[in-house]
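Chain by chain, the residues run as shown.
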Amino acid sequence: QVRLVESGGGLVQAGGSLRLSCAASGSISSINVMGWYRQAPGKQRELVASITRDGSTNDADSVKGRFTISRDNAKNTLYLQMNSLKPEDTAVYYCHALSGLYNNYSHWGQGTQVTVSS
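Residues numbered from 1 in each chain as written. Predicted model: local features only at pLDDT ≥ 70, side-chain atom pairs only at ≥ 80, totals over all residues. Heavy atoms only, no water.

S.K.: Please explain the state of the cysteines as it appears in this structure.
M.R.: What is meant by a disulfide is a covalent connection between two cysteines, made through their sulfur atoms. Enumeration over the complete set of coordinates arrives at one disulfide. Two residues share a disulfide in this structure: C22 and C95, whose sulfurs sit 2.1 Å from each other. Since a negative S-S torsion denotes a left-handed disulfide, the C22-C95 link at about -80° is left-handed. Within this pair, whereas C22 is found in strand 3 (residues 18-26), its partner C95 is found in strand 9 (residues 91-99), the two being separated by 73 residues in sequence. Using a relative accessible area of 0% as the deciding quantity, one classes C22 as buried. (Disulfide = S-S within 2.5 Å. Helix = DSSP H or I, 4+ residues; strand = E, 2+ residues; numbered from the N terminus. Buried < 20%, exposed > 50% of the residue type's maximum accessible area, 1.4 Å probe, protein only.)

Right under this line is the structure:
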């Protein structure tokens, strides 16, 4: 089992920055891919960015050049550095992990609220 706990959300003005953290515990060695998703009110949950075990990243077009995903394997922690925040970035941000031989186990954190004021 994998447990994910997010932190770092909050209220920020447009143009500001926040850094989200996701601490992973449990069967860490089984995790292959980690990522950040977000869900705004009335909208579907969407992928923000993901990173593989070897450090390959994938970013949504809406955050390219503004958000950076990274992971510290020694600390079992995933990060999302968010710069130049916009009101449309307001959402609950969820940490996610895929584990297992075929990435067939999906794990979610409880979510952290990010609110960007105009």
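S.K.: Please clarify how the nonpolar core should be interpreted in this entry.
M.R.: A general feature of soluble globular proteins is that nonpolar side chains tend to end up buried together. If you look at the biggest cluster of nonpolar residues, it comprises 28 residues, and the most contacted ones within it are M34, W36, L80, M82 and Y93. Those elements that provide at least two residues to this core are strand 1 (2-7), strand 3, strand 4 (31-39), strand 5 (46-52), strand 7 (67-72), strand 8 (77-82), strand 9 and strand 11 (112-117). (Core = buried A, V, L, I, M, F, W, Y, C linked by side-chain atoms within 4.5 Å.)

S.K.: Looking at this structure, how should I read the sheet that holds strand 3?
M.R.: By definition, the strands of a sheet pair up through backbone hydrogen bonds, in either a parallel or an antiparallel sense. One open sheet accounts for four strands, arranged 1-3-8-7; its pairing is antiparallel. Bordering the open sheet on either side are strand 1 and strand 7, each of which pairs with just one other strand. Mean inter-strand twist for the sheet, computed between neighbouring axes without regard to direction, equals 15°. Bridge count for strand 1 against strand 3 is six bridges, and the pairing is antiparallel. The partner of R3 across the bridge, within strand 3, is S25. (Pairing = 2+ DSSP bridges. Axes fitted to C-alpha atoms, helices over the stretch in contact; angles between N-to-C directions.)

S.K.: Would you explain the pairing of strand 11 in this entry?
M.R.: Successive residues of a regular strand alternate their side chains across the two faces of the sheet. Burial along strand 11 is one-sided: the residues T112, V114 and V116 are buried and none of Q113, T115 and S117 is. Here four bridges tie strand 2 (residues 10-13) to strand 11, and the two strands are oriented parallel to one another. Within the sheet, the bridge partner assigned to Q13 lies in strand 11 and is S117. As paired elements, strand 9 and strand 11 share three bridges and run antiparallel to each other. Residue Y93 lies in a different strand from strand 11, and its bridge partner there is T112.

S.K.: Quick question: what am I supposed to make of the packing of aromatic side chains here?
M.R.: Working definition: an aromatic ring pair is given by the centre-to-centre distance plus the angle between the planes. The tally for this structure, following the rule as stated, stands at two aromatic pairs. Aromatic side chains Y37 and W108 sit 5.0 Å apart centroid to centroid with 65° between the ring planes, which places their arrangement in the edge-to-face category. Here W108 lies in strand 10 (residues 105-108) and Y37 lies in strand 4, a separation of 71 residues in the sequence. Here Y37 falls in the partly exposed class, since its relative accessible area comes to 22%. A centroid spacing of 6.3 Å and a plane angle of 90° characterise the contact between Y94 and W108, whose relative ring orientation is edge-to-face. With Y94 in strand 9 and W108 in strand 10, the pair connects residues that are 14 residues apart, well separated along the chain. Every member of this aromatic cluster is reached through a ring pair, and the members are Y37, Y94 and W108. Across the ring face of Y94, the terminal group of R45 is positioned such that the distance to the ring centre comes to 3.7 Å. A cation sits over an aromatic face here: R45 above W108, 4.6 Å from the ring centre. (Phe/Tyr/Trp six-rings, centres within 6.5 Å; stacked < 30°, edge-to-face > 60°. Lys NZ or Arg CZ within 6 Å of the ring centre and 35° of its normal.)

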